[in-house]
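In case you want the letters, here they are:
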Amino acid sequence: MHIASKLRASHLGLSISGIGAGLAWLAFGLSCLWWPDIGDWPRTEAVAYTAFAVAAAIVVATAARGALGKFGAGLQQRAPWFLALGLFLTLWEVTTAKFAWLPLPFFPPPQSIVEVYTDDLPKLLDSVFASVKLQLGGYFIGATVGFLTGVSIGWSRAVGYWVHPVLRFIGPLPATAWLPIAFFTFPSSWSASTFLIALATGFPVTVLTWSGVASVSSAYYDVARTLGAKPSFLVLKVAIPAALPHVFVGLFMGLGSSFAVLVVAEMIGVKAGLGWYLQWAQGWAAYANMYAALIVMSLLCSGAITLLFRTRDHLLVWQKGVVKW
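Residues numbered from 1 in each chain as written. Predicted model: local features only at pLDDT ≥ 70, side-chain atom pairs only at ≥ 80, totals over all residues. Heavy atoms only, no water.

A. Structural detail: the overall build of the protein. Tallying secondary structure elements over the protein gives 13 helices and 0 strands in all. When the helices and strands of the protein are placed in sequence order, the string is α-α-α-α-α-α-α-α-α-α-α-α-α. Its C-alpha radius of gyration of 26 Å places the protein more than 25% over the 20 Å reference for a compact globule of 325 residues. In terms of principal-axis extent, the alpha carbons of the protein reach across some 75 × 65 × 30 Å. In the protein, buried positions account for 39% of the 325 residues. Across the protein, every contact between residues at least 6 apart in sequence was considered, and the portion connecting residues at least 24 apart equals 70%. Only carbon and sulfur atoms are counted for the fraction: they give 73% of the accessible area of the protein, which is about 18,300 Å². Averaging the positions of the 19 positive and the 11 negative side-chain charges in the protein gives two centres separated by 22 Å. (Helix = DSSP H or I, 4+ residues; strand = E, 2+ residues; numbered from the N terminus. Rg over C-alpha atoms; globule rule 2.2 N^0.38 Å. Buried < 20%, exposed > 50% of the residue type's maximum accessible area, 1.4 Å probe, protein only. Contact = heavy atoms within 4.5 Å. Areas by Shrake-Rupley, 256 points an atom, 1.4 Å probe, with all protein chains shown as cover. Lys, Arg positive; Asp, Glu negative; His and termini not counted. Charge placed at Lys NZ, Arg CZ, Asp CG, Glu CD.)

B. Focus on the side chain of E93. As for its placement among the helices and strands, E93 is situated in helix α4 (residues 79–98). Contacts of E93, omitting those with residues within four sequence positions, involve F28, S31, C32, D37, K98, P109, P110 and Q111.

C. Molecular detail of the nonpolar core. Ranked by internal contacts, the top residues of the largest apolar core, which has 24 residues, are L196, L251, L255, V261 and L308. Secondary-structure elements contributing two or more residues to this core are α6 (121–155), α8 (179–185), α9 (189–214), α11 (231–268) and α13 (287–315). Considering each element in turn, this core owes the most residues, 7 residues, to α11. Here L196 is in contact with A175, W178, L179, A182 and V261, once residues within four sequence places are set aside. Residues Y277, A292, A293 and M297 belong to the second largest nonpolar core, which totals 17 residues. (Core = buried A, V, L, I, M, F, W, Y, C linked by side-chain atoms within 4.5 Å.)

D. Here's a closer look at the confidence of the model for the protein. In this model, the protein carries an average pLDDT of 86, and 91% of its residues clear a pLDDT of 70 or more. Across residues 1–10, where pLDDT falls below 50, the model places 0 contacts with residues more than four positions away in sequence or in other chains. (pLDDT = per-residue confidence, 0-100.)

E. A nonpolar patch on the surface, seen in detail. On the surface, I19, L23, L26 and L30 cluster together into a nonpolar patch covering about 340 Å² of accessible area. Relative to the helices and strands, I19 is located in helix α1 (residues 2–34). Among the residues examined, I19 registers a relative accessible area of 46% and is labelled partly exposed. (Patch = residues over 30% accessible without salt bridge, like charges linked within 9 Å, V, L, I, M, F, W, Y side chains within 5 Å. Salt bridge = Lys/Arg side-chain N within 4 Å of Asp/Glu carboxyl O.)

F. Quick peek at the packing of aromatic side chains. For the structure on display, the rule yields 12 aromatic pairs. Look at Y161 and W162: their rings are 5.2 Å apart centre to centre, the planes differ by 90°, and that puts the pair in the edge-to-face class. For the pair Y161 and W162, a shared accessibility class is recorded, and that class is exposed. Every member of this aromatic cluster is reached through a ring pair, and the members are W35, F99 and W101. Of note, K123 hangs over the ring of W280, and the distance from its end group to the ring centre comes to 3.9 Å. (Phe/Tyr/Trp six-rings, centres within 6.5 Å; stacked < 30°, edge-to-face > 60°. Lys NZ or Arg CZ within 6 Å of the ring centre and 35° of its normal.)

Shown next, in the form of structure tokens:
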């Protein structure tokens, strides 16, 4: 009886959250239409009708969550976030487009962000493509070099003797500190930016891979040698698999560092990409474009981390679900 009452209370709480989320999105739509805009934003009605559609979808999904299976359960689990988002958008709309309590153009309303995605989409997509191409190239180079260097240092004392001092000298320095040298040394701003992204990625991957290989228990090697394993087998089948949890930590850290360097490099040297788009928008006081680009950058970074988590969960099955993203 006690468990059943808890389940009923839980279902009731989810239903209330779902209905509240629907009402919040309804309030957002009404706030768009109830008062006139103080500026000229042609996407106001479209945003309002979209909010009404979202509100209706949330209410229907709440009422039919049993028939929707996992999708309905997931939607209901996120109902408090939909509620918070609806209230935030309503407050944002009222304080900007309706009463200008927040100064324009520094705080544009939601419909101006939507207008950027509809009217300036080609330029934004070109910037996304340029950033993704630059980011992937630098990140994969840095991750590959860092992984190989980390394995070499962790396995060979001779390699560690020569590489470790260089790593201690170069690694702690921010990759952006090398901007003047990189842009002077490399033949193009693109290659210089790729080098800086690789540098930002490579250091954490190297250190964490090295730590993982060095921390493998010697008992594993002793057992493998007893069975006749060669040095190559010890590296490929013992050291690297045991070090993979550390490697993925380095990859996550390198991903965050590489995104920061990407934006700085595009703002300063590369005349393409989301960093360049941010600089262009700021120069023209197009703050709606700037916020739209920031949202896209956040989604790209979050998507990259999600993909990395999926890869880790696939390779390290025993760690699946330990840390969720």
